[in-house]
Amino acid sequence: MVGVTELGYLGLSVSDLDAWKSFACGVGGMEYVDEGEGDRAYLRMDKWHHRITLHADGGDDLAYLGWRVAGPVEFDEIVEKLTVQNIEVEIASDEAARERRVLGLAKLKDPGGNPTEIFFGPQVDNYRPFHPGRPMFGRFVTGAEGIGHCILRQDDVAAAVRFYQLLGLRGSVEYHLALPNGEVAAPYFMHCNDRQHSVAFGLGPMDKRINHLMLEYSELDDLGLAHDSVREREIDVALQLGKHANDEALTFYCANPSGWLWEFGWGAKKAGPQQEHYLRDLFGHGNEAEGYGMDIPLG
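Everything numeric here is computed off the predicted structure, so don't read it as measured data.

This part takes up the pattern of salt bridges. Applying the stated criterion across every chain, the model contains 16 salt bridges. Between D46 and R51 there is a salt bridge, with the nearest N and O atoms lying 3.0 Å from each other. Judged on exposure class, the residue D46 and its partner R51 are both buried. Between E216 and R195 there is a salt bridge, with its nearest N and O atoms 3.2 Å apart. With E216 in strand 15 (residues 210-217) and R195 in the loop between strand 13 (188-191) and strand 14 (199-201), this pair connects stretches of sequence that are 21 residues apart. Accessibility classification places E216 together with R195 in one group, the buried group.

What follows is the structure, given as structure tokens:
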């Protein structure tokens, strides 16, 4: 069955490009690219032209997600599969595809209303080395695993599961977390490659489309540098350093300039062939700054 192969890129709506440059590059280590377009800038993590586009339109939220398929045949097949299921899909113009730096582009929305894109043929600038925004010991974990993972707003988890299954993702409930009110939180995690999960949902009501984006370093020391920088800059930390049970990544969650969370991590295990579930994380992830929708530590 045809399916997407990675979460390839994101578009973010932001208010302050300078603040994002300072955060993404000075803290995270991403490369900032300004091509003189005025209303946007780009963040690189590897040799792709970009992994994130920062749109300076003031929304301070997720603008869109881009899911990759292998090529034009797979692109046509997945568009047909979605259309048969009565999902409205718009084939974007050549101009719109060029704007995304891809060869083919389709636009739709997931059940939560999150703008979703399917693409093939990203622009990869092999001639142009990745230059991190601050010194790094290693690299970002991307390649076949894509940009990382995110938790999205979904009012109907079952509908979201069906939608992402149509895209070719697989997954399950991985946590049964007891809440103080006696209820149990059971978020859903889904993957499409070796990354343990690329998307998750089921956190309950969210003000923004996205709760957090996780970026993974290949070297533990780069996570340490990011953590030191966050502390030195007195950036809000929502969840302290800790280790997840599902992907076994050592991570922490901090606020970005648009008021939602970035999770910096290292050491995640790969996706497994069979379902498991957990009652808590291994250690850490204690709550610190409030107001970011992470009262419980999830993926």
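This part is about the UniProt feature "domain: VOC" (unreviewed entry) in the protein chain. Per the UniProt entry, the sites bearing "domain: VOC" (unreviewed entry) are residues 6-121 and 146-267 in this numbering. Split by type, residues 6-121 is 27% helix and 36% strand. Its first and last C-alpha atoms lie 12 Å apart.

Pairing is mixed across the open sheet formed by 9 strands, whose spatial order is 10-13-14-9-15-18-17-16-19. Single-partner strands in this sheet number two, and they are strand 10 (170-173) and strand 19 (283-284). As defined by bridge partners, strand 9 (residues 149-152) adjoins strand 14 across 2 bridges and the pair is classed as parallel. In the strand pairing of strand 14, I151 is matched with A200. Across the sheet, helix 4 (residues 157-166) lies against strand 9, strand 13 and strand 14, angled at about 5° from strand 13, the strand it touches most.

Basis of the calculations
- Residues numbered from 1 in each chain as written.
- Predicted model: local features only at pLDDT ≥ 70, side-chain atom pairs only at ≥ 80, totals over all residues.
- Heavy atoms only, no water.
- Salt bridge = Lys/Arg side-chain N within 4 Å of Asp/Glu carboxyl O.
- Buried < 20%, exposed > 50% of the residue type's maximum accessible area, 1.4 Å probe, protein only.
- Helix = DSSP H or I, 4+ residues; strand = E, 2+ residues; numbered from the N terminus.
- UniProt positions renumbered as here; feature names shortened; annotations may be inferred.
- Pairing = 2+ DSSP bridges.
- Contact = heavy atoms within 4.5 Å.
- Axes fitted to C-alpha atoms, helices over the stretch in contact; angles between N-to-C directions.

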